[in-house]
Amino acid sequence: MEIIKVNKIKEQDKKYNLHSWSAQGNLNPDVIEKAEGIYFWNSDGKKYFDMSSQLVNLNVGHGNKKIIDAIKKQAEKMAYMGPGYAVDVRSELAAKVIEKAPDNMAKVFFTLSGAESNENAIKIAKMVTGRNKVFSRYRSYHGASYGAANLSGEPRRYTCEPGIPGFVKFFDPYIYREGIDFGSEEAASKYYVNKLREQIIYEGPESVAAIFIETITGSNGVIIPPIGYLKGLRDICDDYGIMLVCDEVMTGWGRTGEWFGLNNWNLEPDMITFAKGITCGYVPLGGVIVNKKIADHFDDNVLYCGLTYNAHPISCAAGCATIKVYEDEKLIENCKAMGKILGEELEKLKEKHASVGDVRYIGLFSAVELVKDKASREAIVPYGKDPEKIMGRIIGKLKEKGFSTYSHENCIIVAPPLIIKEEELKEALVLLDEVLDYVDKEII
Ligand SMILES: Cc1ncc(COP(=O)(O)O)c(C=O)c1O
């Protein structure tokens, strides 16, 4: 790209755009010119492996022609129709979503994002149960709008405090940092489930509407539930008439090698929230899937939820096309196969590097947890603080080598598009290996 043009983009960006989660003064974002498949290129022609699928949403990769054509076609046919009407793509996508969801699921309410999906799920849980408390976990991110931020447990919630009354937090099964030798995953699950049951009893189970979980904690370090944990949560919910809501915004739509993350444990929650992979960011779309009991409730009771862009026809057309791409290109199968290789390679990196304390992976969803010392497990940066911008430097080094991703606390997220091939994956992981050499030598 011509330098004059690049400078103009940068200048206008600096002058007029506010970027998320950042102090603006020192920002100098790369100008991106082109994106295709698992790669994108900046204005100097530098090529990056997109090893986070942008924000773990671009599961089909960049530039998928089938999705782009579906969007164009729908825009020409009928760009918008209000939520009160039935539209072909609106009906078709709802049917497809329910077909892919667990058997107990019945209907879907479409939104535009993960946060909006969680906002509406909170309201639905309260409307159906008539209760007011909502449980969610500390190591969670459920979105940045007010209700979803209150649901989130990590520091991105702080600016929305003092919080909404009735939002209660509990701890994740983060075994690596628990400091207890449980002996088995089942024993760990028992510990966490019993603690939660006790907490719910103290809060008054009859006041608890829902327990929200990211089925697999995502940006807060890919924390995979131990065996028996999700069943334990399901049992608690059944015992007390509480709704179990799985936030599948990151883990849904193939990311873990299954349609939804919860399929890995045959879990049937009461609601599922989703976004990201349903349209892979080509246009915005999210939704709340509800079970039969909830769907029936709203036969006679008003669903007090509404959005001008509920089930937007262009988004629904993109959603139908995206599901077809997953099916036709066997992306979920590829994710499973590539996930196996990713896991093997990450284990090698853990073995080799002093700075790698733990690696956690399922499908093409993984985190590399960095430590100062393997034995003590002291994190490379203390929780919530990174004054020397250590993680930023590591992510910068990766970027210099052409490996684009992001970090959260002391974890590097590795979650490439589900279309990645074995040679590409291995090529990218060599770059990660080189940067981990640097971390071992220069940082810890
Ligand atoms: C698990 C989870 N839930 C909800 C959200 C919020 O989604 P959105 O940014 O589309 O509002 C995210 C975003 O990263 C997420 O990872």
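Residues numbered from 1 in each chain as written. Predicted model: local features only at pLDDT ≥ 70, side-chain atom pairs only at ≥ 80, totals over all residues. Heavy atoms only, no water.

Participant: Describe the site of the ligand, naming the residues involved and giving the relevant values.
Facilitator: Close to the ligand lie S113, G114, A115, N118, Y141, H142, G143, E214, D247, V249, M250 and K276, which account for all nearby residues. In the environment of the ligand, an oxygen atom lies 2.8 Å from a nitrogen or oxygen atom belonging to the backbone of A115. Side-chain polar atom of K276 to an oxygen atom of the ligand: 2.9 Å apart, as the coordinates give it. Compared with its free state, where it exposes 390 Å², the ligand has 81% of that area covered by protein. When residues in the shell around the ligand are grouped by element, the largest group, 3 residues, is from helix α5 (residues 114–129). In terms of residue class, the shell around the ligand is made up of 4 nonpolar, 5 polar and 3 charged. (Near = heavy atom within 4 Å. Polar contact = N/O pair within 3.5 Å; in protein donor to acceptor, adjacent residues only side chain to side chain. Areas by Shrake-Rupley, 256 points an atom, 1.4 Å probe, with all protein chains shown as cover. Helix = DSSP H or I, 4+ residues; strand = E, 2+ residues; numbered from the N terminus. Nonpolar A, V, L, I, M, F, W, Y, C, P; charged D, E, K, R; others polar.)

Participant: How would you summarise the environment of M127 if you had to cite specific residues and measurements?
Facilitator: Along the chain, M127 falls in helix α5. Residue M127 is classed as partly exposed on the basis of its relative accessible area of 24%. When the C-alpha atoms of M127 and A35 are compared, they prove to be 43 Å apart, with 92 residues separating the residues in sequence. Among residues more than four places away in sequence, those in contact with M127 are H297, F298, V302, L303, Y304 and C305. (Buried < 20%, exposed > 50% of the residue type's maximum accessible area, 1.4 Å probe, protein only. Contact = heavy atoms within 4.5 Å.)

Participant: Can you explain the side chain of T111? Please cite residues and give values.
Facilitator: Of note, T111 is situated in strand β4 (residues 105–111). In this view, T111 contacts E116, S117, N120, L285, G286, G287 and L307; residues no more than four positions away in its chain are not counted.

Participant: Provide a residue-level description of the packing of α5 against helix α9 (residues 292–300), including the pertinent values.
Facilitator: Running from amino to carboxyl end, α5 crosses α9 at an angle of 70°, the nearest separation of the two axes being 11 Å. When the axis of α5 is compared with that of α9, the two are roughly perpendicular. Of α9, the residues touching α5 (which contributes I124, M127 and V128) are I294, H297 and F298. Broken down by class, the residue content of the contact of α5 with α9 amounts to 5 nonpolar, 1 polar and no charged. (Axes fitted to C-alpha atoms, helices over the stretch in contact; angles between N-to-C directions. Parallel < 35°, antiparallel > 145°, perpendicular 65-115°, else oblique.)

Everything listed here is a matter of geometry and, on its own, says nothing about what the molecule does.
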